[in-house]
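# Coordinate inspection notes
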Amino acid sequence: MAMNPSKLKPIDIVRLVNSTQLQAVLNDRQLRRHRDRAGFRITDDGGQSLNLFKYAAWLREQLLVRESAPVQTYESKKAAVRNRNIALAIAGRDIGELPEVVDPERKKLAERSFRLFCESYFPETFRLGWSKDHLKAINKIETAVLRGGLFALAMPRGSGKSSLAEAACLWSMLYGHREFVMLIGATESAALETLESIKTELDVNELLGEDFPEAVFPIQSLDGIANRCAGQLYKGERTRIVWTSNEIVLPTIAGSKASGAVIRVSGITGRIRGMKFKKPNGRSIRPGLVVIDDPQTSESAGSLEQTRKRVRVLAGDILGLAGPGEKISGIMPCTIIRPGDMAEQILSKEKHPEWNGERTKMLYRFPSNTKLWDEYADLRAEGLRCSGDIHEATEFYAVHRAEMDEGAEVAWEDRFNHDEISAIQHAMNLKLQDEVAFWAEYQNEPLPEDLGSEEQLSIDGVIHKLNGRGHLDVPVGCNRITMFVDIQKALLFYVVCAWEDDFTGYVIDYGAYPDQRRRYFSLADANPTLQSVSPRDGIEGSIYTGLEKLTGDYLGREFVRDDGAMMKIERCLVDANWGASTDVVYQFCRQSKYSNIILPSHGRYIGASSKPMSEYKKAVGDRIGHNWRMPNVAGKRAIRHVLFDTNYWKTFIHSRFLVSMGDRGCLSLWGREPEAHLLFAEHLTAEYRVKTEGRGRKVDEWKMRPENNDNHWLDGVVGCAVAASMCGAVLPGTDSQKSAKAKTRLKLSELQKQRKKTENL
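What you are looking at is a predicted structure, and each value in this text was computed from that prediction instead of being measured. (Residues numbered from 1 in each chain as written. Predicted model: local features only at pLDDT ≥ 70, side-chain atom pairs only at ≥ 80, totals over all residues. Heavy atoms only, no water.)

### Focus: the overall build of the chain
On a plain count of helices and strands, the chain comes out with 28 helices and 27 strands. Since a compact globule built from 761 residues should have a radius of gyration of about 27 Å, the 42 Å found for the chain marks it as more spread out than a globular shape. Burial status across the chain gives 47% buried among its 761 residues. Long-range contacts, defined here as pairs at least 24 residues apart, represent 68% of the contacts in the chain between residues at least 6 apart. Accessible area of the chain: about 39200 Å², with a carbon and sulfur share of 49%. The averaged location of the 102 negative side-chain charges in the chain is 4 Å from the averaged location of its 105 positive side-chain charges. (Helix = DSSP H or I, 4+ residues; strand = E, 2+ residues; numbered from the N terminus. Rg over C-alpha atoms; globule rule 2.2 N^0.38 Å. Buried < 20%, exposed > 50% of the residue type's maximum accessible area, 1.4 Å probe, protein only. Contact = heavy atoms within 4.5 Å. Areas by Shrake-Rupley, 256 points an atom, 1.4 Å probe, with all protein chains shown as cover. Lys, Arg positive; Asp, Glu negative; His and termini not counted. Charge placed at Lys NZ, Arg CZ, Asp CG, Glu CD.)

### Here we look at a positive patch on the surface
The grouping of R29, R32, R33, R35, R37 and R66 at the surface amounts to a positive patch. At 5 residues, helix 2 (residues 28-38) tops the list of elements feeding residues into the positive patch. (Patch = residues over 30% accessible without salt bridge, like charges linked within 9 Å, V, L, I, M, F, W, Y side chains within 5 Å. Salt bridge = Lys/Arg side-chain N within 4 Å of Asp/Glu carboxyl O.)

### Describing the packing of aromatic side chains
Counted according to the given criterion, the structure contains 30 aromatic pairs. Plain terms: the ring middles of F366 and W439 are 5.5 Å apart, the flat faces sit at 35 degrees to each other, and that makes the pair tilted. Taken together, the positions of F366 in the loop between strand 13 (363-365) and helix 15 (370-386) and W439 in helix 19 (residues 435-442) put the pair 73 residues apart, joining distant regions of the chain. Exposure remark for W439: the relative accessible area of 17% places this residue in the buried category. Between F493 and F521, the aromatic rings sit 6.4 Å apart at their centres with planes inclined by 15 degrees, giving stacked as the arrangement. Of this pair, F493 sits in strand 16 (residues 492-499) while F521 sits in the loop between strand 17 (505-513) and helix 21 (530-533), placing them 28 residues apart in sequence. Taking relative accessible area as the criterion, F493 reaches 1% and is therefore assigned buried. Here F521 falls in the buried class, since its relative accessible area comes to 6%. Grouped by ring-pair contacts, the aromatic residues F117, Y121, F122, F126, W130, Y175 and F212 constitute a single cluster. (Phe/Tyr/Trp six-rings, centres within 6.5 Å; stacked < 30°, edge-to-face > 60°.)

### Considering the packing of helix 15 against helix 18 (residues 423-433)
Contact geometry for helix 15 and helix 18: axes closest at 11 Å, N-to-C directions at 65 degrees. Comparing the axis directions of helix 15 and helix 18 gives the class roughly perpendicular. Considering only the axes of helix 15 and helix 18, their crossing is right-handed. Between helix 15, through W373, Y376, A377 and R380, and helix 18, the contact on the second element is made entirely by I424, Q425, M428, N429, L432 and Q433. In the contact of helix 15 with helix 18, the residues fall into 6 nonpolar, 3 polar and 1 charged. (Axes fitted to C-alpha atoms, helices over the stretch in contact; angles between N-to-C directions. Parallel < 35°, antiparallel > 145°, perpendicular 65-115°, else oblique. Left-handed = near helix turned anticlockwise from the far one by under 90°. Nonpolar A, V, L, I, M, F, W, Y, C, P; charged D, E, K, R; others polar.)

### Quick notes on the environment of V717
You can see V717 is positioned in helix 26 (residues 712-726). For V717, a relative accessible area of 0% puts it in the buried group. Beyond its immediate stretch of four places on either side in the chain, V717 contacts V495, I653, L667, F680 and L684.

### Thoughts on the sheet that holds strand 12 (residues 358-359)
Strand order in the open sheet formed by 8 strands is 5-6-7-2-10-11-1-12, with mixed pairing between adjacent strands. Lying at the two open borders of the sheet, with one neighbouring strand each, are strand 5 (242-243) and strand 12. (Pairing = 2+ DSSP bridges.)

### Side note on helix 8 (residues 161-174)
Over its 14 residues, helix 8 extends 20 Å from the first C-alpha to the last, a length consistent with the 20 Å expected when each residue adds 1.5 Å. Judged by how many residues are buried, helix 8 sits mostly within the fold: 12 of 14 residues are covered. Looking only at helix 8, the buried set comprises K161, L164, A165, E166, A167, A168, C169, L170, W171, S172, M173 and L174. (Expected span 1.5 Å × (residues − 1).)

### Side note on the pattern of salt bridges
Counted according to the given criterion, the structure contains 26 salt bridges. With a shortest N-O distance of 2.9 Å, E119 and R115 are connected by a salt bridge. Taken together, the residues E119 and R115, both in helix 6 (residues 114-121) and 4 residues apart, mark about one turn of the helix. A residue is classified by how much of its surface remains accessible, and E119, at 34% relative accessible area, is partly exposed. Measuring nitrogen to oxygen at the nearest pair gives 3.4 Å for the salt bridge that ties E358 to K136.

### Some details on unusual backbone geometry
Peptide bonds are, in most cases, trans, and in most cases residues other than glycine have a negative phi. Between Y513 and the following residue, P514, the backbone shows a cis peptide bond with an omega angle of 0 degrees. Looking at the secondary structure, you find P514 in the loop between strand 17 and helix 21. Residue P528 follows N527 across a cis peptide bond; omega there is 10 degrees. Its place among the elements puts P528 in the loop between strand 17 and helix 21. At N444, a position not held by glycine, the phi torsion is positive, near 55 degrees. Tracing the backbone shows N444 in the loop between helix 19 and helix 20 (459-463). Residue classification places N444 among the buried positions, given a relative accessible area of 0%. Unlike most non-glycine residues, F503 shows phi in positive territory, near 70 degrees. Judged by its relative accessible area of 3%, F503 is buried.

Here it is, written out as structure tokens:
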């Protein structure tokens with residue numbers, strides 16, 4: 001086959017050369033390597049084919065060069081390979097030329113304006129409009145960084161105070177305003193999380209990369225591999241970058257304002273004293289700016305000793321970080337958790353004026369139309385319970401917005417969620433969701449937890465008052481069983497107690513009708529409700545039907561005492577205070593087949609300045625007891641009912657739960673599992689007592705805790721105790737026992753004899 005030696009394909013060259021007596025002397029890979037080295041010197045048509053004569057000439061030339069070169073020893077070859085590898089490694093470590101600044105004007109304008117820096121380089125973080133409080137905080141941060149000073153900032157949760165603090169750290173370092181920034185958290189792990197957020201911005205924020213290549217480009221060149229830090233070079237010089245879990249040292253670049261800037265983290269209770277950093281030129285620097293981000297935990301805020309310790313650390317260790325003769329600048333975004341905690345102390349301009357404390361709120365004035373907001377709260381709760389959203393409540397707010405917003409002043413107009421239409425609605429939703437959290441985290445005015453000098457009943461104190469008995473078991477010493485039913489629109493809450501003569505009590509049952517079939521629920525999320533189990537009845541009809549079924553089940557039941565005696569409920573009181581239910585309760589108690597043991601009841605709030613029940617004028621037919629009375633009745637509600645002093649009897653029940661097991665007057669629960677009674681305990685601790693004085697007497701006045709909405713089983717136990725007192729139970733040492741006089745029973749014949757004797761005289 002005819003072939004043109006000056007235009008051969010590579011495969012034909014290999015076949016032709018290997019066709020001699022020498023057999024295989026060339027392969028595809030060798031030829032490809034030769035072509036790469038020789039280039040166009042061995043081709044005739046732009047590299048598509050090879051010229052066999054030129055290829056042979058080139059091979060001969062390479063052979064002559066090799067023969068004329070000095071013979072290399074093994075050591076010289078080894079050194080050459082080593083030098084080549086070093087050169088390659090250095091070339092890989094060097095980051096090359098820095099990119100140009102994309103927008104020098106933007107960078108220059110933001111140098112002295114912290115607000116512009118935030119808006120220019122963090123548009124996603126600070127995407128909403130600024131409030132007046134934000135602008136005030138930005139101005140104070142700017143002053144602290146540029147000119148020095150201390151600034152403590154308490155802003156509502158979610159207002160971006162931590163984001164502002166992170167941006168302040170970056171602004172301080174990138175422009176060289178501060179060489180060494182110290183970041184301190186309540187714990188070291190909390191501070192590490194903030195540092196991680198700053199590292200993320202340096203690594204992925206494109207806007208920072210565009211305008212600060214001298215600081216950001218070397219970081220991005222690491223490709224997330226921290227081990228490259230030690231060997232990284234810029235123009236043959238080490239950048240000395242540090243990128244660890246608790247410290248960042250920006251690259252050392254000649255002419256960079258951020259060259260060698262340091263940020264380090266620590267927990268407030270960790271090692272803080274003596275912080276310093278030595279720069280490549282041998283100069284030691286100390287922190288010039290300290291950012292203290294939420295320096296307390298819930299636990300430390302509740303401990304006086306831990307609060308004192310952290311305040312001392314702040315005043316001594318932290319503010320002394322700058323070293324002798326130097327003054328440190330500080331920024332402290334914080335949240336007031338409890339009254340008198342570390343944050344509140346630092347924010348006080350009387351106690352710590354040097355910190356220039358600023359306390360902001362979500363709502364500076366609340367709406368004045370509380371009636372419409374109460375209706376809104378009901379719609380919101382119903383919507384969340386039924387459909388899981390608040391669209392009906394939002395529609396109601398939209399219709400009545402002008403009236404509902406009247407009197408309100410909100411701090412940040414742009415802050416509300418997608419399913420809301422104003423910042424005022426958002427704030428009120430947070431208040432309805434958890435009032436205690438709202439006052440602490442959004443208003444920076446936590447509600448007081450010091451509820452008086454008297455001992456307060458706790459949830460743990462209730463759930464651990466267990467007697468180990470079975471459900472519905474009646475101890476042998478009990479002579480009476482009482483029941484109380486608390487009326488609500490959606491549910492009937494009931495409690496059943498067994499009592500000994502000295503008011504030693506046992507809660508043997510409690511619950512709600514209809515049965516909620518779950519351990520934890522609230523009145524707001526009740527399902528089923530009285531109306532759902534009686535769909536044909538109105539509100540009054542469903543309450544009547546519920547009372548009929550509940551009392552029919554319990555008042556006709558026999559309870560077995562430990563000695564085998566059969567007992568029934570001796571007295572049942574039904575709450576008649578709920579406005580819409582009063583008449584229907586009276587009607588039910590009159591018509592019930594258990595009307596001989598059922599009585600409507602009314603709790604009365606009798607404060608220190610009110611007339612005590614013992615001073616009420618007794619009318620004919622009235623029955624008077626220990627802080628309760630049964631007035632004579634006539635007219636529309638011609639049925640006996642009982643009135644009782646709620647303040648007194650709540651204190652009474654509170655004291656019974658505080659009595660040690662085994663002592664007289666102790667009140668306990670059945671069972672052995674504390675968790676089973678957790679919801680019951682929440683009801684019993686839903687109120688707290690405050691000792692008040694008026695008209696020469698001291699009285700415990702009971703108030704609802706803001707975080708608790710349900711106290712119905714507390715009312716139930718109180719009602720059971722009142723019923724027990726009506727049945728003859730007396731606590732030793734109470735006024736009832738002291739004032740009780742034994743009445744001698746007289747026969748009719750003796751009365752007649754006494755009358756005749758009087759007539760004869």
